[in-house]
Every structure is written in structure tokens, then in C-alpha cells.
Amino acid sequence: MKTAPVNKIIPFSNVDGPGNRTSIFFQGCPFNCLFCHNPETINLCVGCGDCVAGCPAGALSLGEGRALWDSKACVQCDACIRTCPHGASPKVRWMTVEEVLREVKRSAPYIDGVTTSGGECTLQNEFLIELFGEVKKLGKTCLIDSNGSFDFEKDPRVLAVCDGVMLDVKAVEPAWCRRLTGRGPEMPLKNLDYLLRAGKLQEARTVIFPGRDAENEETVRYTARRVGGACDYKIIRYRPYGVREAYRGMLGEYETEADYAEKYALMARELGASRAYVV
Amino acid sequence: MSDALNIIKDPTLTYRQELVGLARLGESTDHTLRYSDAYYAAKAKGALCDLNEGPMPFRPRYICPDYELLFKKGCDFLQLDPPADLLEAVNALEIFYCHVPSITTYPVYLGDLDKLLEPFVLKEDRAFAKKVLRLFLRNIDRVQTDSFVHADIGPEDSVTGRLLLELTEEMQLAVPNLTLRYDPERTSDDFALACVKCMLRTAKPSFANHRMFVSEWGEKYAIASCYNGLSIGGGGFTLPRLRLYECALDARSPEDFIENELPKYIDLQLEYMDKRVKFIVEESSFFKTNFLVIEGFVKQENFTGMFGVVGLAECCNRLLGIEDKKKGFGMNPEATALGLRIMDAIDRRVGGHVAPYCDAYGHRYRLHAQVGIDSDGMDDSPGTRIPIGVEPTMLEQLEVNERFHPYFPTGTGDIFKFEETYLRTPEAILPIIKGSLARGLRYFSGYLENNDVVRVTGYLVKKSEIEKLRQNKQSLNQVTVYGKGAQDGGHALDRRIQHHEDCACQ
Ligand code: SF4
Ligand code: SF4
């Protein structure tokens, strides 16, 4: 039975693609972005056991090489997440396609479709292919929210069953990109072009950091020129909430000013990305 | 101080509000209508509540005139000819409204405004029509100063409907309350979406399940007052309510409640309704001499009694010994199942009672999920709603509500509070409304968390007007004071906000 680590499922979301959508967040991400505001979704539990004793509700135990979580007993204090030294969370459900589908079916009467996100959902490529096949049978659309680390061109099976990809273009300049995400920009940028060609780019997104004039400008210019009017281009303000302390010092303690972000949206529109706006 | 002196000296009451208060006081001095001792005992316990309807009903509680007839035949009593153009139509309505009685003294139903006015609007150019409608809405807001004044639109798209939405957004008024009668086959997505956008900016319109109402009332039904389904050309005689939490206080078990306690209170409320209905029809002059009756704008046989209930959630929690509301009704399948059993029992007993008059409904009263009044505090949640502050996710809330809404032809509804991002994504709300109405929800209301006009339990108030009362100033709208009470006592504005949770990537 195929299973995947699910961090959470939100039955109704208005911010993960068009209309009302059920969002499925998978655990685990190949990037390690400095500005990640849910860093506990980056890694899978290694079973060190550090979090178990500190749980005030006795909801945690060790077994199967990882922490086991009793969702009914949990009081959602997040002490475990603060304790975990591995950027993981014990509050992850390993779910089968049927189990995820059961939750999707429950919200199906009220939604336009499903969006998979993370972490990085494309790490669960095989699971997605199966899940999307089933969701399609319900007459709902399927969208992928991705950091662009998966080579969509090399394995086009998932694109065939998905309606579009919402792609992060986090950085373009290689050194800045590696510093920001832990990886180079090559694969996300290749995907940007490929998805545009395939007509599957649902939206592109770039986070604007306070005071990073040169980096912000390079990313926005590059992306806006390519995206054009093909899809929405969301200019996202950096927000420090949830960002790990060490990195907050480097990126900024304050959120990006709205006016500052608007400058980049305007720049993007002037370069042809007619559907660029700040969120 | 005497009650009269209290009213006269209250700095927050307008002249008209004083007048209404003094009239109520006068009415309360007559005790011609008497009920059984058991009734008074149950009332004193708080198990029954007459919603301060007053001891001497001199008119039905809610009246829904047939305005189409006014436009067809005019009105002798008010010396109005059938209107020939938009100005005459609007003027006739403004005059007529001032002569429609109700429990609030203001008309609770203004008509299906889009249908009524569309032929006249189409004869004018759009800008002029809009100007006339703007003045019309201004007149309503300043003259019919009560949030239970209600107008309906839909199910079809129309120029008038669009103009009313535009003006509702531009003018940001609490009056009138507004409902879109939504029918998936007759209401276009485009028009429904325009209504959602308007709802986010002004807390109205709400969405009524047109098919459900038509199946119970026929095409000629009105949504009046808060969310009350009634016949056009008819109305509601009276609306008392069972306060189910208090009804359950003496029950030894759920079975004891359903078999012994509940029937007792139901029968007492029916006794009260029967006597009042008879009194209104037989003793008071309304059905004998009022021009609305004489000229056929309402017909006595189209009225029914509204059997209200409130506090189902707290009742179930009490019967099951659940102290933590977070684990109770709405979140707990056992409590929800008990709620359904209780509603079945009420439905069966009230449905089995032969009521005086109410000819159009086989001499039956109809159930109503009452929205609560400010003095209910936290003991009785409105109707069958999940208590404020412990609402589960919107999906779970809808799933529960869909099972309870079908019980209430004379009205029930739920309110959802949305956060700012929905202003940009109104398309995300429409599928929720469509899905829930298709699955049995009767009435859907929503508003945006930071708006000035907000929906309290069923009616609209302006937060800025509540603030006026807090500063001992007057508010023109006589309902503002209930909004203040509901905010203080029932935390009615603290309901769960439907918002997106953070996703992993910024
Ligand atoms: S959040 Fe973590 S630490 Fe807190 S109760 Fe739940 S499992 Fe235990
Ligand atoms: S969640 Fe983190 S702390 Fe807990 S067992 Fe897994 S790796 Fe260790």
C-alpha cells in the first residue's frame, strides 16, 4: 500500500489556487530555505526520541523508527516542534491514497479542486499520480504547489493528470539562490520554461526581501519577462513569523513594506507580466 | 424610578424609540389574555419565552403584503393609483411601508424589489434609475430605522438587482436586510458572484435556498425580518420560543427529556400560540378593518404561527453531561444525533397539533430556529447553531447545519465570518454556498471580519453605531441596542473566522 507523510489537510482554502480548494500538505522538502516559516515541515522524523518526553499530553511514543503521534490525545501545544533538533515534526500522518481521498470526498461538494503542497509535494510523485487520477474522477481540478526541484520534463506523468503548477521562483542569481535555498536555481528555472511551454504554469511567485534591492530586482525581472501575461505572478512580501531565529537576523525582523513590494509588482507589469500583483 | 420615567430619561433613545417603549409599557398593563398556571410557571423558569411580544397582540407579528397587487390595483385607503413610472412606483412603496404594522412597528418585508421595479427601471436610463433607487434606499434607511426591515432579490439576474447591489456597496447601510433567493438553475454564477462580493463588503445579501422554500411555500414566499420564511400576502401570527436548555434542566436523562419534559413544554407553547392566534383573528380589529386585509394585500388564511426553538446545542450538552462545549454539540456525533432526535420529536408533536386558522398550511404551525435575543447570554445559542467560540472547521459546521436546516420552514440560518483575503477571492466562497444549499442548508450569511456593517445573530448593525450607544449617544436604528447586548452578553461578534492557515512556503 503506497503511503505518504501528510503534515495536514485543510478542507477549505482560498489561497492555494483558484476557487475553494482542499489543500494537502506533505512533509519533507529538498530545500532548506532560510525564510521558510514552517521549518518543521522540511525533514522527516529520524526517530531520535528527543520530543517524546516533553509532550505534556503523553501523545508521543517511539516505534517503527520514528515518533508515533496520537492525534486524539494531542493538545496542539507545539512543544515537540520547538524541541525537535532535526527540522521535523512528529505530528505527521502516513496516509494511503484512499485515506487522503476519503477526506477529499468529504469536502468535494464544496470545492473546485485539490492543491497539493508541502514541504514539497513532488517528492511524493507516485502518490500524486494515483491521487490525482482519483480526484479527477470526482470532476475536480488538481494543482501542484512546487518549489521547482522536481524535473517535470524528465517524468511528465504527473503533469498529465494535473491541471497546473504553482511555481516558486525564489532566486535567479546562483550564489544568492544557493544561500537562500541550499540549492542552485537551475532546476526551478528550467521548470519555469518547461511549464510555460506545456501550458501548465498556473502561477509564478517570488518573495521580496527587505533591503535586497539587487537580488529582488534580478529575480523579478527574469521571471516577469518569461511569464508575461500567461498566468498570475504573485509578488509576496517576506514575513518573519515562524522563520528560524538565526535566519531572521540575516533576512530581517520586519516584514517587507507594502510600498516596497508594490514597486516590484509595477516593474513586473511594465516588463509584460500583466497579471503581477502583491499579496 | 418608574419604567415610564426610565424610558423618558434614557439619553440613548430617540423620540420614536421612546414612543415605542411607552406603547409597550401601555400594552403590558392589560391582562385580558390569560394562560394556564403551568404556562406561567414554565415562563418564570425561563423554559418558555414570549420574546416580549406583549400581552395584547393587536396585529400579527410579521406581515408580508402582496406588493404586486399594489402595483396592479393601487390602494384605495392610501389613495394610490397603480404606478406608471419608476418615481411613482418608489413613491407608492415609500408611502405604503409606513402603514405596514409589525412587532417592531416597522415593515419586516419590503417586497421582491428587483421584480417589482424592473419594468419601471428598464424604461429609464441607467444613471437616472440608479439615482432614484439611491434615494429610495436612503428613504428606507432613515425612515424604516430598524434592521429587521428586509428586502428580497433573485433568483434571476436583473438590471434592478445589479443596481441594488451597487448601491448597497456604495451606501454601506444596515437597513434594509437583503436576501438573494438562490436557485442553481435560475441564478447565474455571475449574478451570484456579484452578490458574494457585495456580501463581503456589506454583510448582505444572504443566500436563501429557493428550491427548499418553494417546496414548502410555493413560489410566493418572502424572506422577512432576520431570515423568516413566510407567505407573500400572509405572514406570521406570533413567535414564541422554547428555550431548550432551560427545558432540559429537570430531565433525568435524554429519554426522560424526550418522553416527558419536552412534550410538556411543547404543549404549553402550543396553548399560548392557540390563544394568541385566536385573539388576533377574533378580537383585535386587524383582520376586520385594516386596509391591508380589506383590500386583499394580505389574507388571514395565509398566516401561520411560528413555533420557535433556541438553545439546542446547550440542551444536548446538558442532557449528555458534557461540560466542555468544545467537545459538545457540533463536534460530537453523539450530541448531534441527540439533537436530531429532539428535533424529530418537536417536529412530530407540533406537526400533529391542529392549530386554529392557518388554513393554507392544513391548520399547522411551522418551526422556526429563533436567533436569540441579547438577554440570552451564553446559555442558549441561536436555534440549532453551534455555540460561538467553539465552532469546528467550516466544513464540519456546514455538515452539521445541513442536517438541521430542513426542519425550519419559517426560518433558520448560519453566519460565517471571513477574513480579508476573501475580498480578493470571492470565487472561493460561491462553491461553498452552492454546495451547502444543494445539501440541505436553508440560509447562508457571511461577512468580512473588519467591516463596519456586521451581522449579529440574524440582523445587521453598524459597529460604529454600537459605539455611539456606548458613549451614551442615540442611534437612529432601534436594533443597534440589541447588537450591543448580543456583543456584550453573547459574544456574537467573536465567531470563528474562516481564514487560511499558513502554508509551508511563503
Ligand atoms: S503538540 Fe506535540 S508536544 Fe504538544 S501535545 Fe501535541 S504531540 Fe504533544
Ligand atoms: S520529531 Fe524530531 S525530535 Fe521527535 S523523534 Fe522525530 S526527529 Fe526526534
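Fair warning: this is a prediction, and the values are worked out from it, not measured in the lab.

A separate point is the overall build of chain A. Looking only at helices and strands, chain A features nine helices and 11 strands. The globule rule puts the C-alpha radius of gyration for 279 residues at 19 Å, and the 19 Å found for chain A is close to it. If you line up chain A on its principal axes, its C-alpha atoms span 55 × 45 × 35 Å. Look at the contacts in chain A between residues 6 or more apart in sequence, and 67% of them connect residues 24 or more apart. Here chain A displays about 11,600 Å² of accessible surface, and carbon together with sulfur accounts for 51% of that area. In chain A, 36 side chains carry a positive charge and 36 a negative one; their mean positions are 3 Å apart.

A few words now on the site of ligand 1. Taken together, 13 residues sit near ligand 1, with Cys55, Cys74, Cys77, Asp78 and Cys80 of chain A positioned nearest. Of the residues in the shell around ligand 1, the class split is 10 nonpolar, one polar and two charged.

As a further point, take the site of ligand 2. If you check the shell around ligand 2, you find 13 residues, and the closest are Cys45, Cys48, Gly49, Cys51 and Cys84 of chain A. Its residues assigned to classes, the shell around ligand 2 shows eight nonpolar, four polar and one charged.

Here we come to the pattern of salt bridges. All names here are of chain B. Per the stated rule, a full pass over the model turns up 54 salt bridges over all chains. Measuring nitrogen to oxygen at the nearest pair gives 2.8 Å for the salt bridge that ties Asp66 to Lys220. You can see Asp66 sitting in the loop between strand 2 (62-64) and helix 4 (67-73) and its partner Lys220 sitting in the loop between helix 10 (210-217) and strand 6 (221-224), a full 154 residues away along the chain. Its relative accessible area of 13% is what places Asp66 among the buried residues.

With that out of the way, let us pick up the sheet that holds strand 11 (residues 276-278) of chain A. Residues and elements named next belong to chain A. Spatially, nine strands are ordered 5-1-2-6-7-8-9-10-11 in an open sheet, and the strand pairing comes out mixed. The strands lining the two open edges of the sheet, one partner per strand, are strand 5 (93-96) and strand 11. Between one strand axis and the next, the sheet turns through 30° on average, direction left out of account. In the packing of helix 2 (residues 97-107) onto the sheet, the strands contacted are strand 1 (3-13), strand 2 (21-26), strand 5 and strand 6 (113-117), and the crossing angle to strand 5 comes to about 85°. Along the sheet, helix 3 (residues 125-137) makes contact with strand 1, strand 2, strand 5, strand 6 and strand 7 (141-146), crossing strand 7 at roughly 150°.

Looking now at a nonpolar patch on the surface. Residues and elements named next belong to chain B. Residues Met1, Leu5, Ile8 and Leu22 make up a contiguous nonpolar surface patch of roughly 380 Å² in combined accessible area. Checked against the element boundaries, Leu5 lands in helix 1 (residues 3-9). Assessed through its relative accessible area of 37%, Leu5 is described here as partly exposed.

Rules and cut-offs
Residues numbered from 1 in each chain as written. Chains lettered and ligands numbered in written order. Predicted model: local features only at pLDDT ≥ 70, side-chain atom pairs only at ≥ 80, totals over all residues. Heavy atoms only, no water. Helix = DSSP H or I, 4+ residues; strand = E, 2+ residues; numbered from the N terminus. Rg over C-alpha atoms; globule rule 2.2 N^0.38 Å. Contact = heavy atoms within 4.5 Å. Areas by Shrake-Rupley, 256 points an atom, 1.4 Å probe, with all protein chains shown as cover. Lys, Arg positive; Asp, Glu negative; His and termini not counted. Charge placed at Lys NZ, Arg CZ, Asp CG, Glu CD. Near = heavy atom within 4 Å. Nonpolar A, V, L, I, M, F, W, Y, C, P; charged D, E, K, R; others polar. Salt bridge = Lys/Arg side-chain N within 4 Å of Asp/Glu carboxyl O. Buried < 20%, exposed > 50% of the residue type's maximum accessible area, 1.4 Å probe, protein only. Pairing = 2+ DSSP bridges. Axes fitted to C-alpha atoms, helices over the stretch in contact; angles between N-to-C directions. Patch = residues over 30% accessible without salt bridge, like charges linked within 9 Å, V, L, I, M, F, W, Y side chains within 5 Å.

By themselves these figures say nothing about function.
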